[in-house]
Amino acid sequence: MVLAVFIWPFIAVGVVAGWGFLVWMYYAFTGRPGPV
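Thresholds applied
Residues numbered from 1 in each chain as written. Predicted model: local features only at pLDDT ≥ 70, side-chain atom pairs only at ≥ 80, totals over all residues. Heavy atoms only, no water. Helix = DSSP H or I, 4+ residues; strand = E, 2+ residues; numbered from the N terminus. Buried < 20%, exposed > 50% of the residue type's maximum accessible area, 1.4 Å probe, protein only. Areas by Shrake-Rupley, 256 points an atom, 1.4 Å probe, with all protein chains shown as cover. Phe/Tyr/Trp six-rings, centres within 6.5 Å; stacked < 30°, edge-to-face > 60°. Expected span 1.5 Å × (residues − 1). Bend = angle between axes of the 7 residues up to and from the residue. UniProt positions renumbered as here; feature names shortened; annotations may be inferred. Patch = residues over 30% accessible without salt bridge, like charges linked within 9 Å, V, L, I, M, F, W, Y side chains within 5 Å. Salt bridge = Lys/Arg side-chain N within 4 Å of Asp/Glu carboxyl O.

Caption draft 1: Representation of the overall build of the protein chain within the structure. Secondary structure assignment for the protein chain yields one helix and zero strands. In the protein chain, buried positions account for 0% of the 36 residues. Carbon and sulfur atoms make up 82% of the accessible area of the protein chain, which totals about 3,500 Å².

Here it is in structure tokens:
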């Protein structure tokens, strides 16, 4: 499974970026709690 070794980093980065983007959009629409 050498291919998985090369694909896994991209998947990890994509998940982290996607999660961060969702959280950012959530706070952008609902307002950040406390001072910015």
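Still more to cover.
Caption draft 2: Inspection of the packing of aromatic side chains at higher detail. This structure, assessed with the given rule, holds two aromatic pairs. When the centroid spacing of 5.6 Å and the interplanar angle of 70 degrees are considered together, the rings of Y26 and Y27 count as edge-to-face. With relative accessibility at 53%, the residue Y26 sits in the exposed group.

Caption draft 3: Fine view of helix α1 (residues 2-30). Across its 29 residues, α1 extends 43 Å between first and last C-alpha, which sits within 8% of the 42 Å expected from 1.5 Å per residue. The largest bend along α1 measures about 30 degrees and falls at W8, with the proline P9 one to four residues further on. Following α1 by one or two positions, G31 has its phi on the positive side, about 95 degrees.

Caption draft 4: Up close: the UniProt feature "transmembrane region" (unreviewed entry) in the protein chain. Those residues carrying the UniProt feature "transmembrane region" (unreviewed entry) are residues 6-29 in this numbering. Between the end C-alpha atoms of residues 6-29 the distance is 36 Å, and the span holds 100% helix and 0% strand.

Caption draft 5: Seen up close, a nonpolar patch on the surface. A grouping of V2, L3, V5, F6, I7, W8, I11 and V15 is seen on the molecular surface, where their side chains present a nonpolar patch of about 870 Å² in accessible area. Residue position: W8 is located in helix α1. Residue class for W8 comes out exposed when judged on its relative accessible area of 58%.

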